[in-house]
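This is what each chain is made of:
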Amino acid sequence: MNRPLKILTGTANRAIVEEVSSYLNVHISDMLVTKFSDGEVRVQINESIRGADVYVFQSLSNPANQHIMELLLIIDALKRSSAGRITAVIPYFAYARQDRQDKPRTPVSARLLADLITVAGANRVVTIDLHSPQIQGFFDIPVDHLSALPVLHDYTKKNLILENPIVVSPDAGGVERARQLANKLGCGIAIIYKRRPEPNKAEVLDVVGDIEGKEAIIIDDLIDTAGTMVAAANMLINRGAKRVLACATHGVLSGPAVERLTNSPIEQVIITNTIPVEDKLFNKLKVVSVAPLLGEAIKRIHEEESVSSLFA
């Protein structure tokens, strides 16, 4: 493309943007993101972006509502500054678990957030491992839904010695993700059947599959309070699993998550840096970077090349 490539970032996860910037050899554009004394977000772009192909990075992690407002205001500022194309790069998409009306008189929050991003002026969205892939359909603009599975697989293959692995999905909704990792590792899968009586609480009921004597790798899209992950690990150990490892794309790690994972039988917890988390948060944690994945996606989008090979 003839349009210059520009990268901007909100305050949510500057570290990953610096990695992407280095990968692309493009500097991060100068922008001011502060707050007024009453808490309102203030945005000011300090260089010309007229006609540019602009990529705005913002993980919608805690505090999610502030980071959402930052993203919307940055997009609006870009639109009013005559940017050529605005792509919202959202490594972690908030409200994705509220993608349907599971009870009467509740909002479809993920759809509302998609509408807000579109109305603000985004022309395209790049994201990683949505909680529900069908959220892509909430947008009326193109969505590049990337998978962190290759990144997690590469780390597992290079750094872990697995003699008799089995990939475990913690619920029925994650079976396809587990199947893809199992295919890469050349092993079978098991599925945990659970019931969730209320948000952030999961009651593990049973496991389908032969896990006795095997090294179980639980894979999920995110770890929030870690209740599901730890309950699954305890069940697998009780059913005869030799070792239990945990993989997830997004390390939300809210509330009692760190304490639960530290005291659990899980040997290692592997997450990516879609949300800023340090390896040193607790001893079992390993954070791997998805910056090269995002950088390559941006490079291909900017140069109008296919990104389909990055989806799996």
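Please refer to the structure placed before this passage.
Residues numbered from 1 in each chain as written. Predicted model: local features only at pLDDT ≥ 70, side-chain atom pairs only at ≥ 80, totals over all residues. Heavy atoms only, no water.

Draft legend 1. Representation of the sheet that holds strand E4 (residues 53-57) in the model. On the basis of which strands lie adjacent, the open sheet formed by five strands has the order E1-E4-E5-E6-E7 and parallel pairing. At either end of the open sheet lies a strand with only one pairing partner, and these are strand E1 (5-9) and strand E7 (143-146). Shown here is a sheet whose adjacent strand axes are inclined to one another by a mean of 20°, direction ignored. Bridging between strand E6 (residues 124-128) and E7 involves four bridges; their strand directions are parallel. Looking across to E7, one finds that Ile128 is bridged to Leu146. Contacts from helix H8 (residues 291-302) reach E1, E4, strand E5 (85-90), E6 and E7 within the one sheet, and its direction differs from that of E4 by about 155°. (Pairing = 2+ DSSP bridges. Helix = DSSP H or I, 4+ residues; strand = E, 2+ residues; numbered from the N terminus. Axes fitted to C-alpha atoms, helices over the stretch in contact; angles between N-to-C directions. Contact = heavy atoms within 4.5 Å.)

Draft legend 2. Main features of the environment of Glu40. Here Glu40 lies in the loop between strand E2 (31-35) and strand E3 (41-45). Taking the C-alpha atoms as reference points, Glu40 and Met69, separated by 29 residues in sequence, lie 9.1 Å from one another. With residues up to four places along the chain from it excluded, the contact list for Glu40 reads Thr34 and Lys35.

Draft legend 3. Seen up close, the environment of His27. Among the structural elements, His27 can be located in the loop between helix H1 (14-24) and E2. For His27 and Leu5, which are 22 residues apart along the polypeptide, the C-alpha to C-alpha distance reads 9.6 Å. Contact partners of His27, with chain neighbours within four places excluded, come to Ile7, Ser21 and Glu47.

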